[in-house]
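Understanding the architecture of this molecule
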Amino acid sequence: MAKTTKGVSRRDFLKTTGIAAGTLVGGGLIGGLVGYNANKGNSSVATAPAEDHHDADINRGLMFFTKRRDFEILAQATERIFPEDELGPGAIGLGVPYFIDNQLAGNYGSNAREYMQGPFHEGGLTQGYQTRLTRAELFMNGIHTMDQEANKRFSKGFAELEGDQMDEILTDLQKDEIKMKGVSSAFFFKLLRSATLEGAYADPIYNGNVNMEGWKMKGFPGHQMSYINQIEDEKFHKIDPKSISSMQH
Amino acid sequence: MAKTLDKVDVVTVGVGWTGGIIAAECAKAGMKVRGLERGQNRGTEDFSLVHDEYRYAIRYELMQDLSKETITFRNNMKQRALPMRQLGSFLLGEGLGGAGTHWNGMTYRFLPYDFQIKSETEKKYGKNKVSSDYLLQDWGITYDELEPYYDRFEKTMGLSGEDTNPFWGKRSSDFPTPPMKKTPLLQKFEKAAKDLGYHPYMVPSANLSQPYENPDGSQINACQYCGFCERFGCEYGAKASPEVTVIPAAKKTGNYDIIFNANVVEVLKKGNKTTGVRYIDTQTGEEVIQPADVVVLTSYMMNNAKLLMVSNIGEQYDPATGKGTLGKNYCYQIEPGATGFFDEQMNTFMGAGALGMTIDDFNADNFDHTDLDFIHGASISFVQSGSRPIGTNPVPSDVPLWGAEFKKASIENFTRTLDVFGQGASIPHKHNYLSLDPTYKDKYGVPLLQMTYNFTEQDRNLHKFITKKTVEVMEKMGAKKTEGGGPLAEYDIAPYQSTHNTGGTTMGNDPQNSVVNTYLQHWDMENLFVVGAGNFNHNSGYNPTATVGALAYRTAEGIQKYRQKGGSLV
Ligand SMILES: Cc1cc2nc3c(=O)[nH]c(=O)nc-3n(C[C@H](O)[C@H](O)[C@H](O)COP(=O)(O)OP(=O)(O)OC[C@H]3O[C@@H](n4cnc5c(N)ncnc54)[C@H](O)[C@@H]3O)c2cc1C
Ligand code: SF4
């Protein structure tokens, strides 16, 4: 089926980076979220979940990351990609960092259903994923690269940077201007961006899209049995979303 | 030592649409049929938790496990072919029903012109319209000859549609069920197309407009427009798929069974006949031989070609000399399109896989190509298949792809964007072909199939032409801002484009330029049949499965004839 025209993203991905660099600077709101345990009580706190949400978050935790520092870098990067704004929560508030952590601990992280036999060679631009690194390795690699880059440029860890400083590094990753081992930084950025959107909008059973807030912002009703009685209506339907978990309970 | 099973009359490799149709028809005719399927059993009752975009549409739950087998790919012969490590450009099926479980169900018959493309083009535009680098070829069969089989396949599915398209070939009967609902969004497209003087019609849909019992007694339910259709199984049994139609029909006869976890690795032969197949039981690792009087390859066009190659049946195509037929004429599809941004919110998340409208005014030779630098064309459609939030993040091209502005724009436009797209024909080129990879192997030690493919000059010219048309339609639909897709670049294996891969085991009436005859019987091996879109000599401006299914029905008839008389069917 033809679905490629959805979004303008695919080949423009690299082309539009120049614009991204210019327009993203100055993320006032987000700057305030930087650092450990900032904004207590705010839904956008990535770390120390247990301290803030004792009851709600008992089923949530780190399955992949062992170092809080790495997780915090991931969290801040996803928040820059999908920031909190007047429409609603950003990546952190939506639980995206946990979503990614949990995914990295499973089949996604180990590329279990993908062809990972060698020999490995650097592929052409049209040959897709060719690194020998699994996604789990790739994320660790990328996170450490971001941190090193932050230290090099600003003498601070990535998670302690100002928003526009983070954006500078993310933009250079996207433009493939930062060297990474075993993979191009543009490739890592693409993966990070996709994973962020997946966490924002996947069914909440995967620990992102907290409280279906991602769907609510977007006007997506999640799992509905049927639209046969509405699909002929001219008017737009605002429907309370439902998770697929409602089919099991 | 391999274990040897009792002989059956007919064995199919794979149980999707093609394997299911062969099974139903041969079993009804009294033959003992066995399906060997490397995936798992599944059906309607397994799809109650399927409304999960991440698992099914993004992580490809129902599709091929590439850790076991994939293909390798390169754009041209100078490049090193590398494995397709993740699914992307196309989504291979696996398990009962194959890709027919998670298809959209847009079910178009090809146009009469398609089957005689070479002679028609030469007749109308002369011998030099197309350079000899393009391996244009007639199919050895006409639309009228194939019509009865299209008719049977449509009746098996209960296809929903309306016979109002002036460009179609003659139909022997009307659609079995009326068209789907013409929603306000479809009407927007219809009106725009009509205003421009075109001829819109409802997409023939295998998501059924009403409940239907097919001639085999299988029941298909009414579509609920649930919006989780393509890439998903249908929890209502409302999408015509092999599991709800031909497979139960085959089982009902008592002449059919399926062995799952059976990965076929070789077609066995003795002299100029096949004796059966060898497979690996993927749970035990054991080798098993399944003897059969007739072997039918129904394992999708890629594996059909690969199995012939690894079994040394037929002559591999060589692009340097032009000799050999196996692997030749690999074609794909191009997808020019336009995105329209609107002010008002629309119910874009409601839909069904084949809920749409199409025009054929720029498809095939329905318009004059005298002054154009390409042949054939594209269907142009608007389809309301149900947008989902991970996959659909439309932003105008001047918006960055992440950050505050992206978030705002992608959220705003989720319910305010529509797409008009073309499915463009793909004309075979001498440098686009399939072969065996010299380096990479599947889990069972068998070489991977190698694909050498890039878009051609013809593709680029057609793409440009159709993009313009889609922009015009979208503007007429009232978008406040319309953006046409950029020019066609190199073919890229990573982003999803279409699972409309064709060629490699082409059909025809001359063994010099085809792999199988018009009953899809192998030219070199009379009891071996090869069924799928691999038989296409080029790809048309539509989805392929109506034609694949029609050819499968014709093959089943051929197998019955062969069982009675033996020898070549042509
Ligand atoms: C998302 C999506 C949407 C689509 N939408 C449409 C549409 O709207 N209209 C349309 O016309 N077409 C559509 N298609 C294409 C359509 O699904 C295919 O054309 C059709 O299903 C092919 O049927 P098949 O029997 O040839 O192969 P498949 O359905 O792929 O079946 C082949 C089977 O063989 C098995 N197999 C493969 N190799 C082996 C082996 N070595 N041993 C044992 N078993 C093996 C596989 O596991 C599989 O089950 C779509 C495809 C996809 C993925
Ligand atoms: S849209 Fe219709 S046919 Fe498709 S899955 Fe939903 S109910 Fe089934």
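Everything discussed here concerns the structure shown above.
Report follows, based on the coordinates. (Residues numbered from 1 in each chain as written. Chains lettered and ligands numbered in written order. Predicted model: local features only at pLDDT ≥ 70, side-chain atom pairs only at ≥ 80, totals over all residues. Heavy atoms only, no water.)

1. Details of the site of ligand 1
All names here are of chain B. How we decide: We call a residue near a given molecule or strand whenever any one of its heavy atoms falls within 4 Å of it. Under this definition, polar contacts are N or O atom pairs within 3.5 Å; protein pairs additionally need one hydrogen-donor-capable and one acceptor-capable atom, and for neighbouring residues in sequence, both atoms have to be side-chain atoms. Computed with a 1.4 Å probe, the accessible areas rest on the Shrake-Rupley method; for each residue, only the protein chains presented here act as cover. Helix and strand assignments follow DSSP, with helices taken as H or I runs no shorter than four residues and strands as E runs no shorter than two, numbered in order from the N terminus. Amino acids are sorted into nonpolar (Ala, Val, Leu, Ile, Met, Phe, Trp, Tyr, Cys and Pro), charged (Asp, Glu, Lys and Arg) and polar (every other residue, Gly among them).
What surrounds ligand 1 is a group of 34 residues, the closest being Thr18, Glu37, Ala99, Met106 and Thr545. At 2.8 Å from an oxygen atom of ligand 1 is found a main-chain nitrogen or oxygen belonging to Ala99. In the environment of ligand 1, a nitrogen atom lies 3.2 Å from a nitrogen or oxygen atom belonging to the side chain of Asn303. For ligand 1, the protein covers 99% of the area, taking 1,000 Å² as the surface of the free molecule. Contributing elements (two or more residues each) for the shell around ligand 1: helix H1 (17–28), strand E10 (262–270) and helix H8 (300–310). Element by element, the count of residues in the shell around ligand 1 is highest for E10, at 3 residues. Across the shell around ligand 1, the residue classes break down as 12 nonpolar, 19 polar and 3 charged.

2. Some words on the sheet that holds strand E16 (residues 417–424) of chain B
Residue and element names in this part refer to chain B. Selection rule: Each pair of strands is called paired provided DSSP finds at least two bridges between the two strands. Two residues qualify as a contact provided that any one of their heavy atoms is within 4.5 Å of a heavy atom in the partner residue. Axis definition: a line fitted to C-alpha atoms, limited for helices to the stretch in contact. Angles are taken between N-to-C directions and run from 0 to 180 degrees.
Taken in spatial order, the 6 strands make up an open sheet running E6-E14-E15-E16-E13-E19, and their pairing is antiparallel. Looking at strand neighbours, the two that pair on one side only are strand E6 (201–202) and strand E19 (481–484), the edges of this open sheet. Helix H6 (residues 184–195) contacts E6, strand E14 (356–359), strand E15 (378–383) and E16 of the sheet and is inclined by roughly 15 degrees relative to E14.

3. Quick word on the site of ligand 2
Neighbouring ligand 2 are 13 residues; Cys223(B), Gln224(B), Cys226(B), Cys229(B) and Cys234(B) lie closest to it. Classifying every residue of the shell around ligand 2 by side-chain character gives 9 nonpolar, 3 polar and 1 charged.

4. Side note on the side chain of Glu154(B)
All names here are of chain B. Examined against the element boundaries, Glu154 turns out to sit in helix H5 (residues 143–157). At 2.7 Å, the side chain of Glu154 forms a polar contact with the side chain of Arg171. Those residues in contact with Glu154, other than ones at most four positions away along the chain, are Arg109, Leu159, Arg171, Phe175 and Pro176.

5. Things to note about helix H4 (residues 117–125) of chain B
Residues and elements named next belong to chain B. Inclusion rule: Only protein chains enter the accessibility calculation, which uses a 1.4 Å probe; a residue whose area is less than 20% of its type maximum is buried, one above 50% is exposed, and one in between is partly exposed. The directions considered for the arc run from the helix axis to the C-beta atoms.
Those residues of H4 lying buried are Ile117, Thr121 and Tyr125. Axial view of H4: buried residues confined to an arc of 25 degrees, hence all on one face. Elements in contact with the buried residues of H4: helix H3 (112–115). Downstream of H4 by one or two residues, Gly126 has phi in the positive range, about 85 degrees.

6. Here we look at the nonpolar core
What tends to happen in soluble globular proteins is that the nonpolar side chains get buried as a cluster. As a reminder of what qualifies: Think of a nonpolar core as a cluster: buried Ala, Val, Leu, Ile, Met, Phe, Trp, Tyr and Cys residues, connected wherever their side-chain atoms sit within 4.5 Å.
Among the nonpolar cores identified, the biggest contains 225 residues, and Phe139(A), Met146(A), Phe158(A), Phe90(B), Met451(B) and Met477(B) are the most heavily contacted of them. Counting residues per element, this core draws most heavily on helix H11 (residues 545–565) of chain B, at 9 residues. Apart from residues no more than four positions distant in its own chain, Met477(B) is found in contact with Lys188(B), Phe189(B), Ala192(B), Phe342(B), Phe382(B), Leu418(B) and Val420(B).

7. Let's talk about the interface of chain A and chain B
Spelled out, the test is: Note: buried area is the sum, over both parts, of the accessible area (probe 1.4 Å) each one loses when the two are combined. When a carboxyl oxygen of Asp or Glu is within 4 Å of a side-chain nitrogen of Lys or Arg, the pair counts as a salt bridge.
If you look at the interface, chain A gives 90 residues, while chain B gives 99 residues. Both faces considered, chain A and chain B share a buried interface measuring about 7,900 Å² in area, 59% of it formed by carbon and sulfur atoms. Taken together, the links from chain A to chain B amount to 4 salt bridges. Where the side of chain A that touches chain B is concerned, the elements lending two or more residues are helix H1 (9–15), helix H2 (17–23), helix H5 (68–81), helix H6 (96–104), helix H9 (163–174), helix H10 (185–201) and helix H11 (213–218) of chain A. Residues belonging to the side of chain A that touches chain B are distributed by class as follows: 40 nonpolar, 29 polar and 21 charged.

8. Quick notes on the sheet that holds strand E4 (residues 71–74) of chain B
All names here are of chain B. Taken together, the 4 strands give an open sheet; going across it, the order is E5-E4-E18-E17, and neighbouring strands pair in mixed fashion. Among the strands making up the open sheet, the edge pair consists of strand E5 (82–83) and strand E17 (433–441). Pairing of E4 with strand E18 (residues 447–452) involves 4 bridges; the strand directions are parallel. Residue pairing in the sheet places Phe73 in a bridge with Met451 of E18. Along the sheet, H8 makes contact with E4, E17 and E18, crossing E18 at roughly 120 degrees.

9. Structural notes on unusual backbone geometry
Of all residues except glycine, most have a negative phi; of all peptide bonds, most are trans. Residues and elements named next belong to chain A. Cis geometry is adopted by the peptide bond preceding Pro119, which originates at Gly118 and carries an omega value of 0 degrees. Tracing the sequence through the fold places Pro119 in the loop between helix H7 (107–110) and helix H8 (135–154). Look at Asn111: it is not a glycine, yet its phi comes out positive at around 50 degrees. For Asn111, a relative accessible area of 2% puts it in the buried group.

Distances and angles like these do not, on their own, reveal function.
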